[in-house]
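Remarks on the overall topology
The residues making up each chain are set out below.
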Amino acid sequence: MSALQIIFLVIGALTLASAVMVVTARKIMHAALWLVLALGGVAAVFATLEASFFAVMQVVVYIGAIAILIIFAVMLTRKVMEDTGPQVNRSWPWALLACLGVLAGLVYLLSNWGGFLTAARAIPEGGENLVQFGQALTSPSGFVVPFEVASILLVAALVGAIYVAGEPREK
Amino acid sequence: MIPLAWYLIFAAMLFCVGLFGVLARRNAVAILMGIELMLNAVNVNLLAFWRYLWAPKVDGQVFVSIVLIAAAAEAVVGLALIISAYRRRNTIAAEDMDMLKG
């Protein structure tokens, strides 16, 4: 077992443990902080995939923006949902059952896929090509349309969020 | 080197943990956290497939960046909705958000 494999196992175990804490923590603020750790673990997994651009993007977008936004939402809505009382609904055993079923189904599907074990071949050379990636995002023969639609989506989300979360108007 | 299977199993487990959060938590913000975990699992899957099967080409990276943008937009709108519902109803428990119920 190589050093990289051991590093991946440690990062994976840490990420999964903090993800479990996110969904089971009684205090919602603790769940938000565990979420930061889980997102950082996913960034490290991206780094083991030699996707350095997305490791940095994960830190900037998820930890830097989304986690902070979630922490703000937690602080703004703190009073009503005290950290006492049940944090999961009545049918949580069924939810657990459904999740284990989905996991078993995914693992079964993956184990039936031919490339599951044979794909453990050498990683192809020349993984990340950021120049090519940037050109593909802006060239008309590449992905400029999805890229621009994504920008419109972001603007629409921004305007919509301001409108929805703004002061309720008096009728 | 790390087998592709490890990444896929890791992503499947992360997805299921997030799914449990979405299905079981009462707090709407915690449900959004579960959704973030699920989207992260999808990104791990996409990047693993890209790295092992498509590596010199950039299609997989474009997919991941679109998922990242959609996740950011979803988090912003979701949290705005939650804050709006909190202002009107003074609750963020998912089972109390039944304004559309006839």
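Residues numbered from 1 in each chain as written. Chains lettered and ligands numbered in written order. Predicted model: local features only at pLDDT ≥ 70, side-chain atom pairs only at ≥ 80, totals over all residues. Heavy atoms only, no water.

A look at the overall build of chain A
Scanning chain A from N- to C-terminus turns up seven helices and zero strands. For chain A, the succession of helices and strands along the chain, N to C, is α-α-α-α-α-α-α. Counting over 171 residues, chain A shows a buried share of 32%. About 10200 Å² of surface is accessible on chain A, with carbon and sulfur atoms providing 73% of the total. (Helix = DSSP H or I, 4+ residues; strand = E, 2+ residues; numbered from the N terminus. Buried < 20%, exposed > 50% of the residue type's maximum accessible area, 1.4 Å probe, protein only. Areas by Shrake-Rupley, 256 points an atom, 1.4 Å probe, with all protein chains shown as cover.)

So, the packing of aromatic side chains
The final tally for this structure, using the stated rule, is eight aromatic pairs over all chains. With a centroid separation of 6.0 Å and an interplanar angle of 70 degrees, the aromatic rings of F8 of chain A and F10 of chain B are classed as edge-to-face. With F8 of chain A in helix α1 (residues 3-24) and F10 of chain B in helix α1 (residues 4-24), the pair connects residues from two separate chains. Residue F10 of chain B is classed as buried on the basis of its relative accessible area of 5%. Between Y7 of chain B and Y52 of chain B the ring centres are 6.0 Å apart and the planes differ by 55 degrees, which places this aromatic pair in the tilted class. Remark: Y52 of chain B occurs in helix α2 (residues 28-53) and Y7 of chain B occurs in helix α1; sequence separation between them is 45 residues. When sorted by exposure, Y7 of chain B lands in the same class as Y52 of chain B, which is buried. Among the aromatic residues, those joined into a ring-pair cluster are F8 of chain A together with W6, Y7, F10 and Y52 of chain B. (Phe/Tyr/Trp six-rings, centres within 6.5 Å; stacked < 30°, edge-to-face > 60°.)

No statement about biological role is implied by the geometric values presented.
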